[in-house]
Amino acid sequence: MTSSRDRRFPRSVFGRGAEPDVRFSLANERTFLAWTRTALALIAGGVALEALALDMYPPLRLAASLVLIVTGIVLPVIAWFEWASVERRMRQGHPLPHPPTGVVLAVAVVTAGVLVLLAVLR
């Protein structure tokens, strides 16, 4: 009979190593979900920035909106790979990797902020 471990997705994660403490797996999942919520907020902010048509220089406003929306699309993908990497490493007893999601988010928010600032000042 197939164990529940064999049926879980993705097998590249759950098919390796030993089961870690469930608290760590759940914390890893909560982190992934937090990045997903952050991505949703970025998309909403990008849509709002453009939809409200605030009194800003339109090309820079659009650029800031696009930075937020694209980051909101890319962030959950990066977070998924980060979740898988952390889960795999916990199962194999290896040190956890450095997460790239914070850097991606910081660069995007700073870029969007500078674009909005320039749009307001122009």
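It should be noted that the structure appears before, not after, this text.
Residues numbered from 1 in each chain as written. Predicted model: local features only at pLDDT ≥ 70, side-chain atom pairs only at ≥ 80, totals over all residues. Heavy atoms only, no water.

Trainee: Even after reading the chapter, I still don't get the overall build of the protein, so can you show me in this structure?
Mentor: When helices and strands are tallied, the protein shows five helices and zero strands. Along the chain direction, N to C, the helices and strands of the protein fall in the order α-α-α-α-α. Since a compact globule built from 122 residues should have a radius of gyration of about 14 Å, the 19 Å found for the protein marks it as more spread out than a globular shape. Over its C-alpha atoms, taken along the principal directions, the protein stretches across nearly 65 × 30 × 20 Å. (Helix = DSSP H or I, 4+ residues; strand = E, 2+ residues; numbered from the N terminus. Rg over C-alpha atoms; globule rule 2.2 N^0.38 Å.)

Trainee: Looking at this structure, I do not really get helix α5 (residues 101-121). What am I missing?
Mentor: Spacing of three or four residues puts side chains on the same side of an α-helix, whose turn is 3.6 residues. Given a rise of 1.5 Å per residue, 21 residues ought to cover 30 Å, and the 30 Å separating the end C-alpha atoms of α5 matches this to within 8%. By the burial criterion, the buried members of α5 are Thr101, Leu105, Ala108, Ala112, Leu115 and Ala119. The buried residues of α5 occupy one face: seen down the axis, they fall within an arc of 105°. Summarising the geometry of α5, the exposed residues directed more than 90 degrees from the buried face are Val107, Val110 and Leu121. (Expected span 1.5 Å × (residues − 1). Buried < 20%, exposed > 50% of the residue type's maximum accessible area, 1.4 Å probe, protein only. Arc of directions from axis to C-beta.)

Trainee: Would you mind going over the packing of aromatic side chains with me for this structure?
Mentor: Any two aromatic rings considered together are summarised by their centre-to-centre distance and by the angle between their planes. Counted under the stated rule, the structure contains four aromatic pairs. When the centroid spacing of 6.0 Å and the interplanar angle of 75° are considered together, the rings of Phe32 and Trp80 count as edge-to-face. One end of the pair, Phe32, is in helix α3 (residues 22-51); the other, Trp80, is in helix α4 (residues 58-92), with 48 residues separating them in the sequence. For Trp80, a relative accessible area of 31% translates into the label partly exposed. Here the basic side chain of Arg23 rests over the ring of Phe24, its NZ or CZ set 5.9 Å away from the ring centre. The lysine or arginine in question, Arg122, covers the ring of Tyr57, its NZ or CZ lying 4.0 Å from the ring centre. (Phe/Tyr/Trp six-rings, centres within 6.5 Å; stacked < 30°, edge-to-face > 60°. Lys NZ or Arg CZ within 6 Å of the ring centre and 35° of its normal.)

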